[in-house]
Amino acid sequence: MARRHTPRAPRPRHAVRARRLSRTAPKTLTVLAVLAALVAALVAGPGAAVADSTPATTDGPGRAPARTVSAWLPYWDQENAYRTALAHAAQLHTVSPFWYETRSAGRITGFPGAGERRIIEGLHAKGVRVVPTVMEQLPPGALAAVLTDAGRRAAHVDALIDLVRSRAYDGLDIDYESIAPTPTDTYPAVRDGYADFATALCSRLHALHKQCVLTVTPKTRATGRIWDYRRLGAVADRVRIMAYNLHDAAGAAGPLSTPRWYDEILARATADIPPAILETGLPAYGWDWTRGRTGRAAHVTTKEADALRRRQGAPYALDPASRTPHFTYRKDGAVHDVWYQDARGVAAHLPVLRKYGVRHTALWALGFEDPALWRTLAT
């Protein structure tokens, strides 16, 4: 599984907010519900004690809780993404600004605009939790060396706790992907080291009444063995699965996701992680491949892909197998294949989430999406 598109600094890449109390619910019932949730959380343990404790919204009597939406905020398009977040704040559960990068066990740096208080305060004013993402692009083996050494692992947890205390953050989202292709002879130690790290970090965050969110790649027959889903699901408030890049920029052209792939991902995930804490990552972007040429495909947001399709006069087509849009066009004598995801495609994927009782989604990324997607996610 290749990592998502992430421009490196300084160039302009790819939990839990407690829902605001329903304005239509009687205040007495709301208070009782909150007290009951807190008692249940204290019985369940320290991780549950800081999880979403407000009553879940519903679509009506006897209906399942409404879907929730978290989203990443890309630093290289920060103002556009922030405006999008404010416009859809009533629907957003958490915003994770893509702000920080781990450089070593004790060193975490910020991307341009990281920690901007205006954004933190603006999202809080709308009732949206701010859980910034910490990612890494370390050389092969570097992160594994931190995770498998108790002293370096503890130092890294200390650095992350210093970070969450630096602003009025509601928690941290850890997006560490370089360990995913760990070789067979060493992956069990790295898998256990990451689980030990997650356990220690979540415990420290919970002690501060902060959220612990873990972002992982999918576990399928061929991918994701580095994640001990059972241990991660036992300590995290949310586990976000990046359910995109089935076909990525470095490979052959094709859909970013399919219902069949989602079925495999969620069957494995829900066997080890409670569906109530799972978030399915949805793509709001695509790739533009050039036939016959080597190198990476070009990244396009959903908005850019559809605008390109219209400029090229290509008809809209939803692939019947993957239920994702795609089109072909010519430029400078070369044939391009574009695959992306939009509201109609997502609508065709959501039944798989319902099948497994997964009602939480995470959008990569704010400002990239088809505007109609918000209506789709509200259903």
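These figures come from a predicted structure and were not determined experimentally. (Residues numbered from 1 in each chain as written. Predicted model: local features only at pLDDT ≥ 70, side-chain atom pairs only at ≥ 80, totals over all residues. Heavy atoms only, no water.)

K.L.:
What exactly am I supposed to notice about the nonpolar core here?
P.N.:
Note that soluble globular proteins tend to have their nonpolar side chains buried in a common cluster. Formed by 94 residues in total, the largest nonpolar core has its most connected members in Leu 92, Ile 174, Tyr 194, Phe 197, Trp 364 and Leu 366. If you look at the next biggest cluster of nonpolar residues, it comprises eight residues, including Ala 305, Leu 308, Ala 314 and Phe 327. (Core = buried A, V, L, I, M, F, W, Y, C linked by side-chain atoms within 4.5 Å. Buried < 20%, exposed > 50% of the residue type's maximum accessible area, 1.4 Å probe, protein only.)

K.L.:
Got a minute to help me understand helix H6 (residues 150-165) in this structure?
P.N.:
Given 3.6 residues to a turn, an α-helix orients residues that are three or four positions apart in the same direction. Here H6 spans 23 Å end to end across 16 residues, near enough to the 22 Å set by a 1.5 Å rise per residue. In this fold, the buried residues of H6 make contact with strand E2 (92-104), strand E3 (107-110), strand E5 (133-136), helix H5 (142-147), strand E6 (171-175) and helix H7 (187-207). A side-chain oxygen of the first residue of H6 lies 3.2 Å from the backbone nitrogen of Gly 151; this N-cap is Asp 149. (Helix = DSSP H or I, 4+ residues; strand = E, 2+ residues; numbered from the N terminus. Expected span 1.5 Å × (residues − 1). Contact = heavy atoms within 4.5 Å. Polar contact = N/O pair within 3.5 Å; in protein donor to acceptor, adjacent residues only side chain to side chain.)

K.L.:
How do you make sense of the packing of helix H3 (residues 78-87) against helix H4 (residues 117-125) when you look at a structure like this?
P.N.:
Taken N-terminus to C-terminus, the directions of H3 and H4 make an angle of 10°; their axes are 10 Å apart at the nearest point. Taken together, the axes of H3 and H4 are roughly parallel relative to one another. As H3 packs across H4, the resulting crossing turns out to be left-handed. Contacts between H3 and H4 involve Gln 78, Glu 79, Tyr 82, Ala 85 and Leu 86 from the former and Arg 118, Ile 119, Gly 122 and Leu 123 from the latter. (Axes fitted to C-alpha atoms, helices over the stretch in contact; angles between N-to-C directions. Parallel < 35°, antiparallel > 145°, perpendicular 65-115°, else oblique. Left-handed = near helix turned anticlockwise from the far one by under 90°.)

K.L.:
Explain helix H9 (residues 259-272) to me, please; I cannot follow it from the model alone.
P.N.:
Compared with the 20 Å implied by 1.5 Å per residue over 14 residues, the 20 Å span of H9 between its first and last C-alpha is a close match. Three or more residues of H9 are buried, namely Pro 259, Trp 261, Tyr 262, Glu 264, Ile 265, Leu 266 and Ala 269. Among the structural elements, helix H8 (229-235), strand E8 (238-241), strand E9 (278-283) and helix H11 (343-355) are those in contact with the buried residues of H9.

K.L.:
Sorry, what's going on with the pairing of E9 here?
P.N.:
Most of E9 sits out of view: six of its six residues are buried. With three bridges connecting them, E8 and E9 associate as parallel partners. Considered in E9, the bridge of Val 239 is made with Leu 278. Taking the sense of rotation as the criterion, the β-α-β connection linking E8, H9 and E9 turns out right-handed. Bridge count between E9 and strand E14 (residues 360-364): five bridges; the pairing is parallel. Paired with Glu 279 across the bridge in E14 is His 360. (Pairing = 2+ DSSP bridges. Right-handed = clockwise from strand over helix to strand, strands pointing away.)

K.L.:
I keep staring at the packing of aromatic side chains and nothing clicks. Help me out?
P.N.:
Two descriptors summarise a pair of aromatic rings, namely the distance from one centre to the other and the angle between the planes of the rings. Taken as a whole and judged by the stated rule, the model has 17 aromatic pairs. Geometrically, the ring pair formed by Trp 76 and Trp 364 is tilted, given 6.2 Å between the ring centres and 55° between the ring planes. Note that Trp 76 is positioned in the loop between strand E1 (68-74) and H3 and Trp 364 in strand E14, a separation of 288 residues in sequence. Centre to centre, the rings of Phe 327 and Tyr 329 are 6.1 Å apart; their planes meet at 35°, and the pair counts as tilted. Taken as a pair, Phe 327 and Tyr 329 share a single burial class, namely buried. Looking at Arg 225, its charged tip hangs above the ring of Tyr 187, at a distance of 4.3 Å from the centre. (Phe/Tyr/Trp six-rings, centres within 6.5 Å; stacked < 30°, edge-to-face > 60°. Lys NZ or Arg CZ within 6 Å of the ring centre and 35° of its normal.)

K.L.:
Just checking my understanding: could you explain the state of the cysteines for this structure?
P.N.:
Every disulfide links exactly two cysteines, by a covalent bond between their sulfur atoms. Considering all chains together, one arrives at one disulfide under this definition. Across a sulfur-sulfur distance of 2.0 Å, Cys 202 and Cys 212 are joined as a disulfide pair. With the S-S bond torsion at -60°, the cross-link from Cys 202 to Cys 212 turns out left-handed. Of this pair, Cys 202 sits in helix H7 while Cys 212 sits in strand E7 (residues 211-216), and the two are 10 residues apart along the sequence. Here Cys 202 matches Cys 212 in class, with each residue buried. (Disulfide = S-S within 2.5 Å.)

K.L.:
Sorry, what's going on with the sheet that holds strand E11 (residues 298-301) here?
P.N.:
Ordered by their spatial adjacency, four strands build an open sheet running E11-E10-E13-E12, and the pairing between neighbours is antiparallel. The sheet is open, and its two borders are formed by E11 and strand E12 (326-331), each paired with just one other strand. Across the sheet, the mean angle separating the axes of adjacent strands is 25° when strand polarity is ignored. Bridge analysis of E12 against strand E13 (residues 334-340) gives six bridges, and the strand direction is antiparallel.

K.L.:
Just to check I follow, could you spell out unusual backbone geometry for this structure?
P.N.:
One can expect most non-glycine residues to show negative phi and most peptide bonds to be in trans. Of the consecutive residues Trp 364 and Ala 365, the connecting peptide bond is found in the cis state with omega at 5°. Here Ala 365 is to be found in the loop between E14 and helix H12 (373-377). Phi is positive for His 209, close to 60°, though the residue is something other than glycine. In this fold, His 209 is placed in the loop between H7 and E7. Here Arg 323, not a glycine, exhibits a phi torsion of approximately 60°, which is positive. As for its placement among the helices and strands, Arg 323 is situated in the loop between helix H10 (302-312) and E12.

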